[in-house]
Structures are given as C-alpha cells and as structure tokens.
Amino acid sequence: PLRPAGEPPVEEEPVSLSDRLAQARRGRSGTTPEQQVLEATPRAARRATTDPFADLKRTVHQSLLESLGPQLYDSRLTEEDLEAKVRVTLQEVLSHEETPLTVTDRARLAQEIADDILGYGPLEPFLRDPEVTEVMVNGATTIYIERGGRIFPAEGRFTDDAHLRRTIDKIVGRVGRRVDEASPMVDARLPDGSRVNAVIPPLSVDGPSLTIRKFATDPYGTEDLISFGTLTTTVAEFLSQCVVGRLNIMVSGGTGAGKTTTLNVLSSFIPEDERIITIEDAAELQLDQEHIVRLESRPPNIEGKGEVKIRDLVRNA
C-alpha cells in the first residue's frame, strides 16, 4: 500500500497458524464471525436452569440398562447393531412411562439418553458439530466450546459430578487409561484421534475438568498452508528436502500453535518406500502413508505396574 513520504511503515500484527486455520474454516463454512457469535452464544440464564426431565432421564436410563444388560458389552455386536437395539429398547421403555411428553420433548429425551448410553452424553452435539474445534468442561454445570478460533459458553450440562466422572471413565477406559484419586490427571484420545485431557479432585478444586481438542477429518496439506500464507513455496521445498535428506527436525510451540498440523505436513514428504514408526503419549498424528507403525506409551496400572515410557518405545524402535 502507498503511504506519504517519510511516514514509517506500519507494523502488521503477526498472525498465528491457529488464527489462519480458523479464518480458513470460517471461509469454508460461508458464515461471518458475527453470524457465528450469534449462533454459538446461548443466553447465560439457560446454563443455570435445572433440567425438568432430570429425574425421568435417570429412571429411563436405569430401566434401559436393566433391559439390555450384557448386550451393551457384547463384542460380537457392531456399533450399528448396538445403536439399533438401544433405540428400539429406549422407545419401549419410554412408552411405559406415565409422564406426559410432547413429541419434541420425547425425541430430545430419547436422543440425550441414547447419547449417554452410546456416546459421551451432553458432549455429543458438540463432537458431531464440525465447526466446533474444542470442548471445555469446567465442572458438571459449565461447558465452553471453541468455534472459529473464539470461545463461547455452550448450552448443555451434566446431571452432577458423578455423571461427568462416568463420561471421563468411559473415554479413558476405551484406550486403556485410568483416572482416580491415585492418578488424578490423564491424557487420552477419542477413536477419531481427538486429544483428551481430564483432571479430577483433589487437583481440580471445583469438580472434574475435561478438555477435548478435536482434529479435522480432512487434515490440511502443504498447498493449504501455502494458500494461508503460513509457508512459502520456497520454504515448503526446503523442508521437503530436509525430510528426504533424513535430517532431524524438531517442531515446537504452544497449545494451538499448529504443531500437529505442521508435523502432518512434514510427514507427507517422507518417500513411499520408507517405513514410518510414530511414538506418542496419546496417538494423534494423522499420516496418509500405508507403511506405518503407531506406538503409544502406557501409564502404570492401579498396582503401579505395567508402565511403558516413551524412552522404552524409542529403544524398541
């Protein structure tokens, strides 16, 4: 841009990779930041309201568990078969309830209970929403989400701390992790690779805390980072040659800076005739190559045994 002679150039504020990615997502979704704020920000009063169907949900939930019993843990059932069984049984249980419900209330109640049995309860709507990049639970009654690079309070709440603890246990148990008073902090992941961190009392003073950092189903590639202005073509070519030349490369940065995104792009430069071994605390890399071995460290069990450290995995590799 032109400026009067003698006037010093205006220094532009640096834009982080996470901000560039957020801008790109907003461009893809076709909504403005103002529209997203209106859509994502609920009325504050709603967060404090009590669920009028809380008691009914507990009753139906317990009846459903008693009706299905061991079928919920039958490894021979596919996810689709289990979901079908849960929904059929749920409708049968609801039909025997004497509480008058509108069609809308019945559908919402059925969805929330199904989410509790099959998924992660009140978190499911946010996990299904592709525009939500992070979910933050600060105790049973407070949930925040990140959308378009900004954080908003969200509608939805857990029944109590015990409900939140059950959800945390379900998440970490599926990847062989545990969280209890002896080990009150845990890093884990969801089946889709989203990263999970949970902290429970006594470390978390105001009740259990849960954070889920979601990963895009379609990871960004080299051309995406070039189009965002994060990399130049020259830098991308230089990094490609560094990878092909087997040089050591360290990717470092704060939370949300784009480390995993950058590392995924760097991995795309690895030749197809190479074997890749990844070693992580919680497996989150999304690599496209076929010849790959993914290793994940393991914490000690409740007796303090069975721990496998990163160092052990590096030695094994």
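As the structure is a prediction and not an experimental result, all values here were calculated from the model.

Asks: I keep staring at the overall build of the protein chain and nothing clicks. Help me out?
Replies: Tallying secondary structure elements over the protein chain gives 12 helices and eight strands in all. For the protein chain, buried positions account for 35% of its 317 residues. The contacts in the protein chain between residues at least 6 apart in sequence include a share of 47% that link residues at least 24 apart.

Asks: Would you mind going over the environment of Glu 155 with me for this structure?
Replies: Mapping Glu 155 onto the fold places it in the loop between strand S3 (150–153) and helix H8 (161–173). Note on Glu 155: relative accessible area 40%, which makes it partly exposed.

Asks: When you look at the pairing of strand S5 (residues 195–199) in this model, what are you seeing that I'm missing?
Replies: Each regular strand displays side chains that alternate between the two surfaces of the sheet. For strand S4 (residues 185–189) and S5, the ladder comprises five bridges, and the chain directions are antiparallel. In the sheet register, Asp 187 faces S5, and the bridge partner there is Asn 197. The hairpin turn running from S4 into S5, its antiparallel successor, is five residues long, and Gly 193 in that turn takes a positive phi close to 100 degrees. As paired strands, S5 and strand S6 (residues 209–213) are joined by five bridges and run antiparallel to one another.

Asks: Can you help me understand unusual backbone geometry in this one?
Replies: As a rule of thumb, non-glycine residues mostly have phi less than zero, and peptide bonds are mostly trans rather than cis. The peptide bond linking Pro 201 to Pro 202 adopts the cis configuration, its omega dihedral lying at 10 degrees. Structurally, the position occupied by Pro 202 is in the loop between S5 and S6. In this structure, Arg 246 takes a positive phi of about 60 degrees despite not being glycine. Assignment of secondary structure puts Arg 246 in the loop between helix H10 (233–244) and helix H11 (259–267).

Asks: What should I look at first to understand the packing of aromatic side chains in this one?
Replies: Aromatic ring pairs are reported here in terms of the distance separating the ring centres and the angle at which the planes meet. This structure, assessed with the given rule, holds one aromatic pair. Ring plane angle 80 degrees and centroid distance 5.2 Å describe the contact between Tyr 220 and Phe 228, whose orientation is recorded as edge-to-face.

Asks: Teacher, can you tell me more about helix H6 (residues 103–118) here?
Replies: Because an α-helix packs 3.6 residues into every turn, residues spaced three or four apart end up facing the same way. Along its 16 residues, H6 runs 22 Å from first to last C-alpha, staying within 8% of the 22 Å computed at 1.5 Å per residue. Taken residue by residue, H6 has Leu 109, Ala 110, Ile 113, Ala 114, Asp 115, Asp 116 and Ile 117 as its buried positions.

Asks: Would you take a moment to explain the environment of Thr 133 for this structure?
Replies: Topologically, Thr 133 is positioned in strand S1 (residues 132–138). A sequence separation of 79 residues divides Thr 133 from Ile 212, and the C-alpha atoms of the two residues are 8.5 Å apart. Reaching out from Thr 133, the side chain makes a polar contact with the side chain of Glu 146 at a distance of 2.5 Å.

Asks: Honestly, the pattern of salt bridges in this entry has me stumped. Any pointers?
Replies: Side chains that differ in sign of charge can pair as their charged atoms come close. Applying the stated criterion across every chain yields a total of eight salt bridges. Between Arg 213 and Glu 134 there is a salt bridge whose closest N-O contact spans 2.5 Å. Taken as a pair, Arg 213 in strand S6 and Glu 134 in strand S1 lie far apart in primary sequence, 79 residues in all. Overall, Arg 213 belongs to the partly exposed group, its relative accessible area being 27%. Put simply, Arg 246 and Glu 274 hold a salt bridge, and the shortest N to O gap is 2.8 Å. One end of the pair, Arg 246, is in the loop between H10 and H11; the other, Glu 274, is in the loop between H11 and strand S7 (276–280), with 28 residues separating them in the sequence. Accessibility expressed as a relative area gives 63% for Arg 246, which makes it exposed. One salt-bridge network, in which partners are shared between bridges, spans Glu 134, Glu 146 and Arg 213.

Reading the values: the criteria
Residues numbered from 1 in each chain as written. Predicted model: local features only at pLDDT ≥ 70, side-chain atom pairs only at ≥ 80, totals over all residues. Heavy atoms only, no water. Helix = DSSP H or I, 4+ residues; strand = E, 2+ residues; numbered from the N terminus. Buried < 20%, exposed > 50% of the residue type's maximum accessible area, 1.4 Å probe, protein only. Contact = heavy atoms within 4.5 Å. Pairing = 2+ DSSP bridges. Phe/Tyr/Trp six-rings, centres within 6.5 Å; stacked < 30°, edge-to-face > 60°. Expected span 1.5 Å × (residues − 1). Polar contact = N/O pair within 3.5 Å; in protein donor to acceptor, adjacent residues only side chain to side chain. Salt bridge = Lys/Arg side-chain N within 4 Å of Asp/Glu carboxyl O.

Just geometry here; none of it tells us what the structure is for.
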